[in-house]
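Working through the structure, step by step
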Amino acid sequence: MSTTSPHRFTRLGLALAAAFSLHGLAAAQTAAPAKADDTGNKAEVATLEAVTVTARRREESLRDVPVAVTALSGAKLESLNVRNLGDLQGQVPSLTVYAARGSNTTLTTFIRGVGQADPLWGVDAGVGIYLDDVYIARPQGALLEVFDTERIEVLRGPQGTLYGKNTIGGAVKYVSRKLGTQTEGSASLAIGNYGQANGRLAVGGASSDGQWRGRLAVASLSRDGYGKNLADGSDVSNQDTQAGRVQLGFFPTGSPLTVQLSADATHDGSNMRGFQRLGSNLWDPAKTPLSTHRYDINTGMANANKTDSSGYALTATWQLNEAWAAKYVHAYRDSDTATAIDFDGLPGKIADVRASYIDHSRSNELQLSFDGGGSHSGVLGVYHFDGQAGGSVASTFIAGTPFQSFGITGGTVYTTGKAAYGDWSWRLTPKLGVSAGLRYTKETKRAVVLNQAFANDSFSTPIATLSNFDKSRSVSNTAPKLSLDYKASASTNLYATVSRGFKSGGYNVRANVLAVPASAKPFEDEVLDSLELGAKMVLDQGRLELNTAVFHNNYKNVQLSVFTSYTQPNGQQGFFGDFTNAGRANVNGAELEFIWRPSTAWTLSGNLAALDAKYKEYLDRGVNVASQKKFTNTPKFQGALNVEHRAAAAFGGVLRTRVGISHRTKVYPTTDLSEAIAQDSYSLLSAGVIWERDRSLSFALQGSNLTNKAYRTDGYNIPALGILTGYYGAPRQITASVNYRF
């Protein structure tokens, strides 16, 4: 479908939005079991179901866990039209998540102001991503597609005790559907504007005695580009993704041992990411006018951006007795990315980059869990991680005759980590409980780096070595956690939590030792100490649920990706991508999540978050410039509201409708704090109609960004190369789908 196709859907989208305002939206929660009314007839009761999560590595009610966590069930994800992890933005307080600049599948995630915007290999994220409790170490390929999903949990605040390093901001847990004993499954087909055509299929079953169980889920997702490469007419910002998961399990009758094997693979063959040129390039001989389209580019580079990722996990569980259970998990993950980024978006070679990344990791974890029947429970464990992340980036920078640079950044970062942890909860009285946790981590990182300058873009004749080093650093960290929870009443749980998280440091593989010798020094570990007070309440006779949290974070050694400039021998200014640490910062915030079901027909849900993030110490050439700096990817306020309605359809079945709006205040996506790239406050409108003909067959019409709001998620500001570009979120999208469950 051509890029003009969205206009064909404009009137449909507006009509859809008008219809939603009349109908409201479907309840994402299932009603409680029917009870007899005064006449003896069965009447549906408008109460909310308790949600079970594994935030503390054991199954617990969300209402009882002293952790700020958002849990979205598979049904809720479908109702909200969450297609990948990027669609969680707006649905979770204090969360910023999107595809990284120049990429379709690389994930950028921030929670409460903590994250990592630069997806450089060997640099760890500040928010951990987990697929069925297996850590995904690299952001490439981590923008997971949502299909055959049990639920997604987003844990806010440092999770260092149970999840280890690099969960200093929080963790996102993707939980796939469990193996069952009955044959069942689902199939869906969806079409939409921009030539969208998506298919998903899942089927699970078991042997007659239930001992052998299996499940297979596949997805094929395609979409034309939001924009075009004007040089050859090919699509940019398109999608071409195939993904699959398979699970096998052995549950022998009468045996305490169960064994499960899971494997997954994703291939993304999408083209380049489109962007808008926000400034004229002084080095463009054609003096091309500024872009008027937020996705079109005009590049002479090969239009390709490929990522393959896969992994497997072997889990063995042994029920030692009624109280104790042991679980062993061995996992392997790898990814391979080849991408082209034309920073200038023009046919000439002004700033062209070809990059490839390869990584793989193995992990082993042994857990012992205990359930004391309500008096106390906990988990003990040991963990080992061995990862290798390598890459090569070939850069061609030609900013006029005085400035020409051809270089290859290459190297590998080897990471080995060991940890031991424990987390235990006791009920001191029926009302008062205490939880304590501790994790000790020891990690070694080795960086082998070779960065060279070349005579031309054939990259065959080295003319200078910018960096050539093989360095290692070992660090250790102890992450404690202490929580008190108090059941103030049958409907109100209060908690206070003190915790610590840390994010490991490392070496900048883009170092330019020739110009800046200090760039070969390691950047330091981040450490975050957090105090959080929260309340979880169920009110209005079980129809209203409120979860609130206020927190104070003391944040040290904040890792920042910056452009460092220097003067070349010829007097011209040069630059390179550097890493540094800001000394100290404080992040204070308040969050509210609510869900209210005033009747069996209506459900209102949403969230609010306020963040006050400020640097206290940020040294630049020995001067504290903290007052001039701002946090990136951290809006001061954000919130969302979803209104859902459920009613019997006149033509049979059930009609579920939804209208939702999310809002965010101004955000700076990059550390240069460019006002041209910054995104001012904006709101997004979404809506959906789902007709459930019966328990098996349903039809859906979903719309996102219905006002077609243009909003930037990221960008580049490199004055030396005349680069000023903005990457934008998705335009208006309308999707119609049919879903069959069996």
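This one's a predicted model, so the numbers in the text were calculated from it and none came from an experiment. (Residues numbered from 1 in each chain as written. Predicted model: local features only at pLDDT ≥ 70, side-chain atom pairs only at ≥ 80, totals over all residues. Heavy atoms only, no water.)

Each helix and strand in the protein chain was counted, giving 4 helices and 41 strands. For the protein chain, the C-alpha radius of gyration of 26 Å lies close to 27 Å, the compact-globule estimate for 742 residues. In terms of overall dimensions, the protein chain has a C-alpha envelope of 90 × 60 × 50 Å along the principal axes. In the protein chain, which comprises 742 residues, the proportion classed as buried is 56%. Residue pairs at least 24 apart in sequence account for 67% of intrachain contacts in the protein chain once pairs closer than 6 positions are excluded. For the protein chain, the exposed surface amounts to about 29,900 Å²; the carbon and sulfur share of it is 58%. Of the charged side chains in the protein chain, 72 are positive and 63 negative; the average position of the first set lies 3 Å away from that of the second. (Helix = DSSP H or I, 4+ residues; strand = E, 2+ residues; numbered from the N terminus. Rg over C-alpha atoms; globule rule 2.2 N^0.38 Å. Buried < 20%, exposed > 50% of the residue type's maximum accessible area, 1.4 Å probe, protein only. Contact = heavy atoms within 4.5 Å. Areas by Shrake-Rupley, 256 points an atom, 1.4 Å probe, with all protein chains shown as cover. Lys, Arg positive; Asp, Glu negative; His and termini not counted. Charge placed at Lys NZ, Arg CZ, Asp CG, Glu CD.)

It is worth spelling out the side chain of R56 at this point. Tracing the backbone through its elements, the reader meets R56 in the loop between β3 (52-53) and β4 (60-61). Polar side-chain contacts of R56 include one of 2.9 Å to the side chain of S435. Look past the residues within four positions of R56 in its chain and what remains in contact with it is V65, P66, V67, L162, V379, D423, S425 and S435. (Polar contact = N/O pair within 3.5 Å; in protein donor to acceptor, adjacent residues only side chain to side chain.)

This part takes up the side chain of N547. Looking at the secondary structure, you find N547 in strand β30 (residues 544-567). Residue class for N547 comes out buried when judged on its relative accessible area of 13%. Sequence-distant contacts of N547, defined by excluding residues within four places in its chain, comprise A535, K536, M537, E591, L592 and E593.

Right, let's get into the pairing of strand β14 (residues 196-206). As paired elements, strand β13 (residues 184-192) and β14 share 9 bridges and run antiparallel to each other. Bridge pairing in β14 links S186 to A202. In this sheet, strand β15 (residues 212-223) lies alongside β14 in antiparallel orientation, the contact comprising 10 bridges. Considered in β15, the bridge of A206 is made with R213. If you look at the hairpin formed by β14 and β15, you'll find 5 residues sitting between the two strands, and G210 has a positive phi there, around 75°. (Pairing = 2+ DSSP bridges.)

The next thing to look at is the sheet that holds strand β40 (residues 723-728). Pairing is antiparallel across the open sheet formed by 3 strands, whose spatial order is β20-β40-β39. Of all the strands in the sheet, the pair left with one neighbour each is β20 (276-277) and β39 (712-718). Across 6 bridges, the pairing between β39 and β40 is antiparallel. Looking at the pairing, D714 lines up with Y727 of β40.

Within the protein chain, residue pLDDT values average 90, and 93% of them lie at 70 or more. Contacts from residues 1-43, a stretch scored under 50 in pLDDT, to residues over four places away or in other chains number 96 contacts. (pLDDT = per-residue confidence, 0-100.)

A separate point is the packing of aromatic side chains. Taken as a whole and judged by the stated rule, the model has 24 aromatic pairs. Consider the rings of W121 and Y357, whose centres lie 5.6 Å apart with planes at 55°: the pair is tilted. Here the residue W121 occupies a position in the loop between β8 (114-115) and β9 (127-131), and Y357 occupies one in strand β23 (residues 351-371), the gap between them amounting to 236 residues. Side by side, W121 and Y357 carry an identical accessibility label, which is buried. Each ring, one from Y226 and one from Y295, has its centre 5.4 Å from the other, and the planes form 50°; the classification is tilted. With a gap of 69 residues between them, Y226 in the loop between β15 and β16 (227-228) and Y295 in the loop between β20 and β21 (305-319) connect regions that are remote in the sequence. With relative accessibility at 9%, the residue Y226 sits in the buried group. Here a set of aromatic residues connected by ring pairs shows up, and it is made of Y130, Y135, Y163 and F385. R213 extends its terminal NZ or CZ atom over the ring of F251, reaching a point 3.8 Å from the ring centre. The ring of Y618 carries the charged tip of K629 above its face, separated from the ring centre by 5.1 Å. (Phe/Tyr/Trp six-rings, centres within 6.5 Å; stacked < 30°, edge-to-face > 60°. Lys NZ or Arg CZ within 6 Å of the ring centre and 35° of its normal.)

What follows deals with the environment of D209. Residue placement: D209 occurs in the loop between β14 and β15. By relative accessible area, which is 44% here, D209 ends up partly exposed. For the pair D209 and F251, spaced 42 residues apart in sequence, the C-alpha separation works out to 9.7 Å. Among the polar contacts listed, one links the side chain of D209 to the side chain of S207, at a separation of 2.6 Å. Among the polar contacts made by the side chain of D209, one reaches the side chain of Q211 at a distance of 2.6 Å.

On to unusual backbone geometry. Although it is not a glycine, R112 sits at a positive phi angle of roughly 55°. Within the secondary structure layout, R112 lies in the loop between β7 (107-111) and β8. Given a relative accessible area of 1%, R112 falls into the buried group. Positive phi, normally seen in glycine, also occurs at K287, with a value near 50°. In this structure, K287 sits in the loop between β20 and β21.

Membership of the largest hydrophobic core comes to 35 residues, with the highest contact counts inside it found for W121, F343, F469, Y716, I718, L721 and I723. For this core, the elements supplying multiple residues, two or more each, are β22 (324-342), β23, β24 (376-399), β26 (432-454), β31 (573-596), β39 and β40. With sequence-adjacent residues up to four places away left out, I723 is seen in contact with N281, F343, D344, A351, Y716, N717 and I718. By size, the runner-up hydrophobic cluster in this structure holds 30 residues, among which are L80, I129, L131 and V146. (Core = buried A, V, L, I, M, F, W, Y, C linked by side-chain atoms within 4.5 Å.)

Take the pairing of strand β11 (residues 149-156) next. On a regular strand, each side chain points to the face opposite its neighbour's, so the side chains alternate between the two faces of the sheet. Most of β11 is tucked away: 7 of the 8 residues are buried. Judged from the 6 bridges that link them, strand β5 (residues 68-73) and β11 form a sheet pairing that is antiparallel. Paired with V69 across the two strands is L155, which belongs to β11. Here 7 bridges tie β11 to strand β12 (residues 170-176), and the two strands are oriented antiparallel to one another. Counterpart to L155 in the pairing with β12 is A171.

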